[in-house]
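Structural overview for review
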Amino acid sequence: MTILENLKKVFEGKFGDILSHNNITLFNFSRNTNETVEVKGGNKLVIDISKATEEEKKLVKNILDSRVQSENEAFLMDHSSEKTLKIKRSLPFGESEELLKFYKDKLKPEMYKALEASIIVKNVFERGEDISEMKRDISDKYPTFGNNLCNLVTRGYFNEHFKELYQSMLEDEEFDINAYQRKVEKIIKSLPYTVFITRYKSYDELSGEVRFKLDRLKKYGTGKLLLHGLGRENVNTTMTILEEYRENNHINMQIEINPKKTIITATLIF
Amino acid sequence: MKLSQITFSELASKDILELYGKSIDDEGFIVEKDNPSQRVLTPNGEEIPLKEWGGIRKGSEAFIKKDTFSLIELAKKLE
């Protein structure tokens, strides 16, 4: 029996004429109605259950129980229903599903959950839909890294950089997955004060970016800047940039390089 | 699992909870009306403030939150 037929049985005596609309396909519990049931927008039946009798409430509850438990339907707030459909349309598949699989056993569970949500946010964005609430949810749940991780997903760092980082660390004889997880976490949390040294930018561009960020961070008092590079060429570039500050008495440097000299994380403290 | 054609607006949240024998405690959490010291939990064991409640799915009164993470889990189960 359809929802409409069931509701007719509950309210027919009082609202038979309203419920005789055969084009009703949506049902929404709300308020702001003059009667217990009203048709709005041609196909939506709005029910103000606060106006129903105790007997009617009991029968409506039975209908809901039947839909949820027997028909296996999720009974949601209208906004949550729309949000769930939006998510469903953007669940990872193909390339993004493969990307998630890669990180499944490599990231900490909370980092992995944030990555999955961020990939969905990226897919939603690419469909031209609003992502502000979803981004806020990620930041609220993971305040120390959620927003940064979301931004790194948008910029493609999980497609290349963090994969390359894993491959480089894996080549070390004493590879430890915990060290990889710590490194990823450090980079993500430090995003606002990190410069990624990459071969896609010229030396002058990278050097200028470091100088610009240093000046800005000095002004805003963060007190440190991270330089992060992968591959021998980028490690060498990073070391050359660091040379520019070697004589600077106001800057201390902490440099981490792996034994094969393919990963560098340098922290400038000022 | 499917999304129901029946939904509720934020205005009717308390009416729906009332149907299910729930009410709201002083701190804004959903509780059993007959036993207000017992807060309703999600299937993951989280307490649910009214403002974070998203709806109900199959289970022993499975109340769920409306944040992105809860709805991702729901969306994965949809046909």
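Residues numbered from 1 in each chain as written. Chains lettered and ligands numbered in written order. Predicted model: local features only at pLDDT ≥ 70, side-chain atom pairs only at ≥ 80, totals over all residues.

1. A short note on the overall build of chain B
What chain B contains, in helices and strands, is two helices and six strands. Going from the N terminus to the C terminus, chain B shows its helices and strands as β-α-β-β-β-β-β-α. Scaling as 2.2 N^0.38, a compact globule of 79 residues should have a C-alpha radius of gyration of about 12 Å, and chain B matches this with 12 Å. Counting only C-alpha atoms and orienting by the principal axes, one finds that chain B spans roughly 35 × 25 × 20 Å. For chain B, the residues scored as buried account for 37% of the 79 residues in total. Looking at chain B alone, contacts between residues at least 24 apart form 16% of all its contacts between residues at least 6 apart. (Helix = DSSP H or I, 4+ residues; strand = E, 2+ residues; numbered from the N terminus. Rg over C-alpha atoms; globule rule 2.2 N^0.38 Å. Buried ≥ 20, exposed ≤ 12 C-beta atoms within 10 Å, placed from the backbone. Contact = placed C-beta atoms within 7 Å.)

2. Some remarks on the overall build of chain A
Per the secondary structure count, chain A includes eleven helices and eight strands. Whereas a compact globule of 270 residues would reach a radius of gyration of roughly 18 Å, chain A reaches 28 Å, over 25% beyond that. Principal-axis analysis of the C-alpha atoms places the extent of chain A at approximately 90 × 40 × 30 Å. Counting over 270 residues, chain A shows a buried share of 33%.

3. Observations regarding the pairing of strand β6 (residues 62-65) of chain B
Here is the key point about a regular strand: its side chains alternate between the two faces of the sheet. Where strand β5 (residues 53-57) of chain B meets β6(B), four bridges bridge the pair, whose relative direction is antiparallel. By the bridge assignment, Arg57(B) is partnered in β6(B) with Ala62(B). (Pairing = 2+ DSSP bridges.)

4. Some words on the confidence of the model for chain B
Per-residue confidence for chain B averages 95 on the pLDDT scale, and 100% of its residues sit at or above 70. Scored as a complex, the prediction yields pTM 0.89 and ipTM 0.97. (pLDDT = per-residue confidence, 0-100.)

5. Considering the domain arrangement of chain A
Along its sequence, chain A is organised into domain 1 (3-75), domain 2 (77-185) and domain 3 (190-270). The C-alpha centroid of domain 3 of chain A is placed 63 Å from the C-alpha centroid of domain 1 of chain A. (Domains from an automatic or database assignment.)

6. Structural notes on the sheet that holds strand β1 (residues 2-8) of chain B
Taken together, seven strands build an open sheet; the order of strands is β2(A)-β3(A)-β1(A)-β1(B)-β4(A)-β5(B)-β6(B) and the sheet is mixed. The open sheet terminates on both sides in strands that have one partner only, identified here as β2 (37-40) of chain A together with β6 of chain B. Strand-to-strand twist of the sheet, defined as the mean angle between neighbouring strand axes without regard to direction, takes the value 30°. The pairing of strand β4 (residues 73-77) of chain A with β1(B) spans four bridges and is classified as parallel. Residue pairing in the sheet places Met77(A) in a bridge with Phe8(B) of β1(B). (Axes fitted to C-alpha atoms, helices over the stretch in contact; angles between N-to-C directions.)

7. Remarks on the packing of helix α5 (residues 109-126) of chain A against helix α6 (residues 132-141) of chain A
All names here are of chain A. Axis separation between α5 and α6 bottoms out at 10 Å; the angle between their running directions is 165°. Relative to α6, the element α5 is oriented roughly antiparallel. Every pair of crossing elements has a handedness; the one defined by α5 and α6 is left-handed. Between α5 and α6, the contacting residues are Ala 114, Ala 117, Ser 118, Val 121 and Val 124 on the first element and Met 134, Lys 135 and Ile 138 on the second. (Parallel < 35°, antiparallel > 145°, perpendicular 65-115°, else oblique. Left-handed = near helix turned anticlockwise from the far one by under 90°.)

8. Here's the deal with the environment of Phe125(A)
Following the sequence through the fold, Phe125(A) ends up in helix α5. Measuring from C-alpha to C-alpha, the distance between Phe125(A) and Ser90(A) comes to 9.2 Å, with 35 residues separating the pair along the chain.

9. A look at the sheet that holds strand β6 (residues 224-230) of chain A
All names here are of chain A. In spatial order, the strands read β5-β6-β8-β7; together these four strands make up an open sheet with mixed pairing. Pairing within the sheet leaves two strands with one partner each, and these edge strands are β5 (194-197) and β7 (252-257). Averaged over neighbouring strand pairs, the angle between their axes works out to 15° when direction is ignored. Relative to β6, β5 runs parallel, the two being bridged by four bridges. Bridge pairing in β6 links Ile 197 to Gly 229. Relative to the sheet, helix α10 (residues 203-220) contacts β5, β6 and β8 (263-269), its axis offset from that of β5 by approximately 175°.

10. Regarding helix α8 (residues 161-170) of chain A
All names here are of chain A. Phe 162, Leu 165 and Met 169 are the residues of α8 that are buried. One side of α8 holds all its buried residues, which, seen down the axis, span an arc of 50°. Structural note: α8 exposes Gln 167 and Leu 170 on the side pointing more than 90 degrees away from its buried face. Check the buried side of α8 and you find it contacts α9 (177-189), β6 and β8. (Arc of directions from axis to C-beta.)

11. Some remarks on α9(A)
All names here are of chain A. Counted at 1.5 Å a residue, the expected span for α9 with its 13 residues is 18 Å, and the 18 Å between its end C-alpha atoms agrees. Every buried residue belonging to α9 is among Val 184, Ile 187 and Ile 188, and all of these are buried. Projected down its long axis, α9 shows its buried positions confined to an angular sector of 100°, all on one face. Opposite the packed face of α9, turned more than 90 degrees from it, sit the exposed residues Asn 178 and Arg 182. Where α9 is buried, its residues meet α5, α7 (146-154), α8, β5 and β6. (Expected span 1.5 Å × (residues − 1).)

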